[in-house]
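# Structural overview for review
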Amino acid sequence: MSTAPRLAAAKKDWGHDETGCTVLHIDMDAFYASCEVARYPELKGKPVIIGTGTRSVVSAASYEARVYGINSAMAVSRARKLCPQGIFLPVDMAYYHYISHEIFKTVFSRITDRIEQVSVDECFMDVSGALMRWGSPTNIARWIRSTVAENFNVTCSVGIASNKLVAKMASTNAKPDGMLLIPKDRQADFVQLMPLRGIPGIGPALEKRLNAWGVKDVADLAKMSEHDLTRATGSKISARMLYLSSHGLDQSKVRHRPPEKSIGAERTFMHDTTSMEQVCGLLRTCSDEVATSLRAQDLVARTITVKLRFDDLRYMTKARTLQTPVSTATRIYPRAVELLKRMLGIPDLAPMTTPLPRLIRLAGVSASGLSKVKETPIQPSLEDVIEEDDHKAGSGAKRMDHAEAAIDTIRNRYGRGSVNLGV
Ligand SMILES: [Mg+2]
């Protein structure tokens, strides 16, 4: 959650000339909190704070919570005092990563592969190669904003400018749920409206140092020569950076840093169902598909996610990060069933005939936290060790791992449908 200063005066119409404004900075609004509201729609409009525990800090807060003065990095105990009626939820990083990944994969990557992911909820995009197909940068930004909102119930703010610095400052000032285009000939004016801390990279220490030189804001900064700035900061590099920034200039390029990959499989049922047997059957098929693709690429996965979509089209996901990375359905499927039960509040030992509390329209499994088998030190989990001791001759899961490798060989030779793993 960004604590960069925003100026009400900056969120205005700066003009419509988009020439050369091919850098987008996309920043999802109150991302962790928005993800929680997306899966618990009853939280909409309420002050949601991510972070629990008396000794921890706030990781994110919905805009409704920020009204009470709650900020990221504030002690949770303090936030509870400021907003006793707030809804405090634990951090579920695996889930936020999953949603982030889906947004990058199904929305952002459709525009261009020139994406520099900065964090789970933020990226730069160079759309210069996408204009022929998508039209203007503002068209692209509009499409991104509406698609993310419709499909994920998460809003994002987009800054559009000729460089990364101004695009980033524009998205900050567009928040929440806004879009701000800064034409090239207005970028200096825009930046010079800001307080010093509005420039990314100026922290409290540098601010203090500049204040001591009589520099109170970016407009003052812009009046300084590079030579004076070198004396003020004691560094030629900082002086150069400050000089360029205060004039709205930035020469850094959008670096191609592709978003993290995941492998997933999902299917929509012909008819919505409450049958656990049917849903688990599908999770079995999906687990097998995911495992087969993992092995085909010599990958193992650390995080398993189950996704459900209900009859009202809302979706729910739950992820679990495993101690030991996996690449077989034998290991993935049981985790998927556990996740399914936990999502729907079904006891672990409930029989397959137990009806599910909600009508399911779609179910799927995905694997993330991928790494190459060769580069992954596999440390057996406690369960593996116990199982190994129980069946000295080779444990059940271990034998099934070998069986799946054999199945790959048969499928590669005779086709996908030639052999299936019995449940
Ligand atoms: Mg954000």
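Residues numbered from 1 in each chain as written. Predicted model: local features only at pLDDT ≥ 70, side-chain atom pairs only at ≥ 80, totals over all residues. Heavy atoms only, no water.

## Some details on the pairing of strand β1 (residues 23-28)
For β1, a buried count of six out of six residues is recorded, marking the element as mostly surrounded by other parts of the structure. Going residue by residue along β1, you find V23, H25 and D27 tucked away on one face and L24, I26 and M28 tucked away on the opposite face as well. Bridge count between β1 and strand β7 (residues 156-161): six bridges; the pairing is antiparallel. Residue pairing for β7: L24 is matched across the bridge by I160. Here β1 runs beside strand β6 (residues 122-126); their pairing, made up of five bridges, is antiparallel. Counterpart to D27 in the pairing with β6 is E122. (Buried < 20%, exposed > 50% of the residue type's maximum accessible area, 1.4 Å probe, protein only. Helix = DSSP H or I, 4+ residues; strand = E, 2+ residues; numbered from the N terminus. Pairing = 2+ DSSP bridges.)

## As for the coordination of the magnesium ion
Within the protein, the magnesium ion binds to D27 (OD), M28 (O) and D121 (OD); these donor distances fall in the range 2.2 to 2.3 Å. For the magnesium ion, all donor residues lie on one chain, and their spacing in sequence is D-M-x92-D. One end of the pair, M28, is in strand β1; the other, D121, is in the loop between β5 (115-119) and β6, and 93 residues separate them in sequence. This pair shows no difference in class: M28 is buried, exactly as D121 is. (Donors = N, O, S within 2.8 Å, 3.2 Å for Na, K, Ca; no water.)

## Regarding the packing of aromatic side chains
Summed over all chains, the structure comprises seven aromatic pairs. Look at Y32 and Y96: their rings are 4.5 Å apart centre to centre, the planes differ by 10°, and that puts the pair in the stacked class. With Y32 in helix α1 (residues 31-39) and Y96 in helix α4 (residues 93-111), this pair connects stretches of sequence that are 64 residues apart. Taking the relative accessible area as the measure of exposure, Y32 reaches 17% and is therefore buried. For Y96, a relative accessible area of 0% gives the class buried. (Phe/Tyr/Trp six-rings, centres within 6.5 Å; stacked < 30°, edge-to-face > 60°.)

## A short note on the UniProt feature "active site" (unreviewed entry) in the protein
As annotated in UniProt, the feature "active site" (unreviewed entry) corresponds to E122 in the numbering used here. Looking at the secondary structure, you find E122 in strand β6. Beyond its immediate chain neighbours, meaning those up to four positions away, E122 contacts H25, I26, D27, F104, E116, Q117 and K168. (UniProt positions renumbered as here; feature names shortened; annotations may be inferred. Contact = heavy atoms within 4.5 Å.)

## Structural notes on the pattern of salt bridges
Inspection of the entire model under this criterion finds 24 salt bridges. Residue E122 pairs with K168 through a salt bridge whose shortest N-O separation is 3.0 Å. Highlighted residues: E122 in strand β6 and K168 in helix α7 (residues 164-174), separated in sequence by 46 residues. With respect to burial, E122 and K168 carry one shared label: buried. Connected via shared salt-bridge partners are E102, K105, E266 and K307. (Salt bridge = Lys/Arg side-chain N within 4 Å of Asp/Glu carboxyl O.)

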